Amino acid sequence: MKYDFIIAGSGCAGLSLLYKILLEPTLQNKSILIIDKDIKNTNDRTWCYWEKKPGLFEEIVHAKWNTLEFLSNNFEEKLALGSYTYKMIQGIDFYNFVINFAKKFTNVTFLQENIVSITSNENSGVITTTKNSYVGNLIFNSTSLFNPKITAENSLLQHFKGWVIKTEKPFFNTKVGRLMDFRVSQENGATFMYVLPTSTTEALVEYTLFTPTLLEQETYSLELKKYIKEELKINEYSISHEEFGVIPMSLEKFHKNPGKNIINIGTSGGFTKASSGYTFQFIQKDVSKIVENLKLGNKLNTKLSFTDKLYNWYDRTLIDVLLSKKLTGKEVFTKIFKKNSPEKILAFLGNESTLLEDISIMKSLPLIPFLTSGIKQLFNKK
C-alpha cells in the first residue's frame, strides 16, 4: 500500500501536523501513516508558549499567566504581558487530545516500530523500520535521522530538569509565573530557574542551562533542592512529576528538505528557536503553512523567506556571542528585559516583531560583541 502521507515521529511536530491535516476538509480523507518507536502515553514533557488570542489547543491549556517575573542580581521586575498570554500544555494532555481525535478517522494508522532509514525516489518516499518498509507520496520527518552533528564547538545545549512540587499549605501566587531567575550560580554558563504555579499548592520548578555539555544527573537535583529551600523558602513538599530534556541551540543548519518527497518538521526542520529553545509555537506556524500548501495543491516551499533568514541571523549571532563568551547569558537577558517592554520582547522572541522593535532590542545590547558575531555569522555558510 502506498500512503498519501507518512509522518515519522509522533511527538509535538508530528501530531500537530496530523491534527491540522485532519481539520482540513480537503485533506482529512487522505491515507496517513504515523510511525514512532514509542507509545505516547506518559507525561514526558511540558510546552510553554505565548499568543494573543485563544489558540487551537486552548481546551488543553493546563495553566496560563498574564504576568511574569524576571530576576537577576541587579534587576527584578514583574512583567505585565499586555496583549500576550503565557501558556502551558502538558505532554500527556496534548498526546491524548490529538490521538483521540485521530482515532475517529479510519484512514489514519498508527504503528509502533523503530525507524531505521528514510529514503526517496522521484515519486515517493520510503521509510524502513526494523520490521518492514512503507511507501508514501510525502514523508514528514521529525526524527533525528537528518540532523547535523552537534558539538561543543558549534552548539549550546539547552538542558533542564523540572519538578512539579506540591505543598500542604497554600504557597504560590497563580497569577504570576517566574520566567527567568538568574540569581543562581553561573559557573557552568547561562543558568536560570523558572517557577510556574499551576495552583496555590503546586508549581513546576525547572533548572535550565544553556551550555555546551550536560551535567551529572545528581547536580540538577541538588540545585533544585537548594533553590526550593533557599529561594522559595519551602521546606516540606512532595514531587509529583519529574522531567528532563535536552534541546540543541546550534549554529549548524537543519535542512527542511533532505530529499525529494521528504520534509523535515519540528526540531529536525530547524523549528526550535536557536536563541531560546522555544519550539511549540514555531511548529504550529510551520504546520499551518504546510497544510495550506497541501490544500491548494502547491509544491511545498522549503526555502526560507527574508524574514526567516533575518531571525535566523539574530539567533545565530546570539549563540556565537555566548559560545565565544563575549558576554554571559545572564548579562544579555538582563539587559534585554531591563530596557524593553515585555510585549516587545515576546514579539521579538516569537519572530513577530517589527524592524523598529528589532532595532530597539539591539540598541539595548553592547554593540561590539554583537557586531563582531553578527558579521561573522553573515559569512557563515553552514
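Residues numbered from 1 in each chain as written. Predicted model: local features only at pLDDT ≥ 70, side-chain atom pairs only at ≥ 80, totals over all residues. Heavy atoms only, no water.

(A) How the structure looks around helix 4 (residues 280-296). For helix 4, which comprises 17 residues, the first-to-last C-alpha distance of 25 Å matches the rise-based estimate of 24 Å (1.5 Å per residue) to within 8%. Those residues of helix 4 that sit buried are Phe280, Gln281, Phe282, Ile283, Gln284, Asp286, Val287, Ile290, Val291, Asn293 and Leu294. Directly beyond the C-terminal end of helix 4, a positive phi value near 75° is found at glycine 297. (Helix = DSSP H or I, 4+ residues; strand = E, 2+ residues; numbered from the N terminus. Expected span 1.5 Å × (residues − 1). Buried < 20%, exposed > 50% of the residue type's maximum accessible area, 1.4 Å probe, protein only.)

(B) Expanded view of the sheet that holds strand 16 (residues 238-250). The sheet built from 7 strands is open, its strands ordered 6-5-13-14-15-12-16 with mixed pairing. The outermost strands of the open sheet, each flanked by one partner alone, are strand 6 (75-80) and strand 16. Taken over all neighbouring pairs, the strand axes of this sheet differ in orientation by 15° on average, direction set aside. Where strand 12 (residues 155-166) and strand 16 come together, 12 bridges link them in antiparallel fashion. Paired with leucine 157 across the bridge in strand 16 is proline 248. Lying over the sheet, helix 3 (residues 217-230) contacts strand 12, strand 13 (176-181), strand 14 (190-199), strand 15 (202-211) and strand 16, oriented at roughly 50° with respect to strand 12. Sheet contacts for helix 6 (residues 329-339): strand 5 (67-72), strand 6, strand 13, strand 14 and strand 15; angle to strand 5, the most-contacted strand, approximately 135°. (Pairing = 2+ DSSP bridges. Axes fitted to C-alpha atoms, helices over the stretch in contact; angles between N-to-C directions. Contact = heavy atoms within 4.5 Å.)

(C) Seen up close, the sheet that holds strand 7 (residues 85-90). The 3 strands are arranged 3-7-4 in an open sheet whose pairing can be described as antiparallel. If you trace the sheet from one side to the other, it starts and ends with strand 3 (46-51) and strand 4 (63-65), each paired once. Each neighbouring strand pair of the sheet contributes to a mean axis angle of 20°, computed without reference to strand direction.

(D) Local environment of the pairing of strand 12. When you tally the buried positions in strand 12, you get 11 out of 12 residues, the bulk of the element. Pairing of strand 12 with strand 15, which is carried by 10 bridges, proceeds in the antiparallel orientation. Bridge assignment links histidine 159 to a residue of strand 15, and that residue is leucine 209.

(E) Fine view of the packing of helix 7 (residues 342-349) against helix 8 (residues 355-363). Where helix 7 meets helix 8, the axes come as close as 10 Å, and the angle between the chain directions of the two elements is 105°. Regarding the angle of helix 7 to helix 8, the classification is roughly perpendicular. Mapping the contact onto sequence places Lys344, Ile345, Ala347 and Phe348 in helix 7 and Glu357, Asp358, Ser360 and Ile361 in helix 8. When grouped by side-chain class, the residues that make up the contact of helix 7 with helix 8 number 4 nonpolar, 1 polar and 3 charged. (Parallel < 35°, antiparallel > 145°, perpendicular 65-115°, else oblique. Nonpolar A, V, L, I, M, F, W, Y, C, P; charged D, E, K, R; others polar.)

(F) Structural view of unusual backbone geometry. Phi at asparagine 261 is positive, roughly 70°, even though this residue is not glycine. When its relative accessible area of 16% is taken as the criterion, asparagine 261 is described as buried. Residue asparagine 351 is not a glycine yet carries a positive backbone phi of 60°. Along the polypeptide, asparagine 351 turns up in the loop between helix 7 and helix 8.

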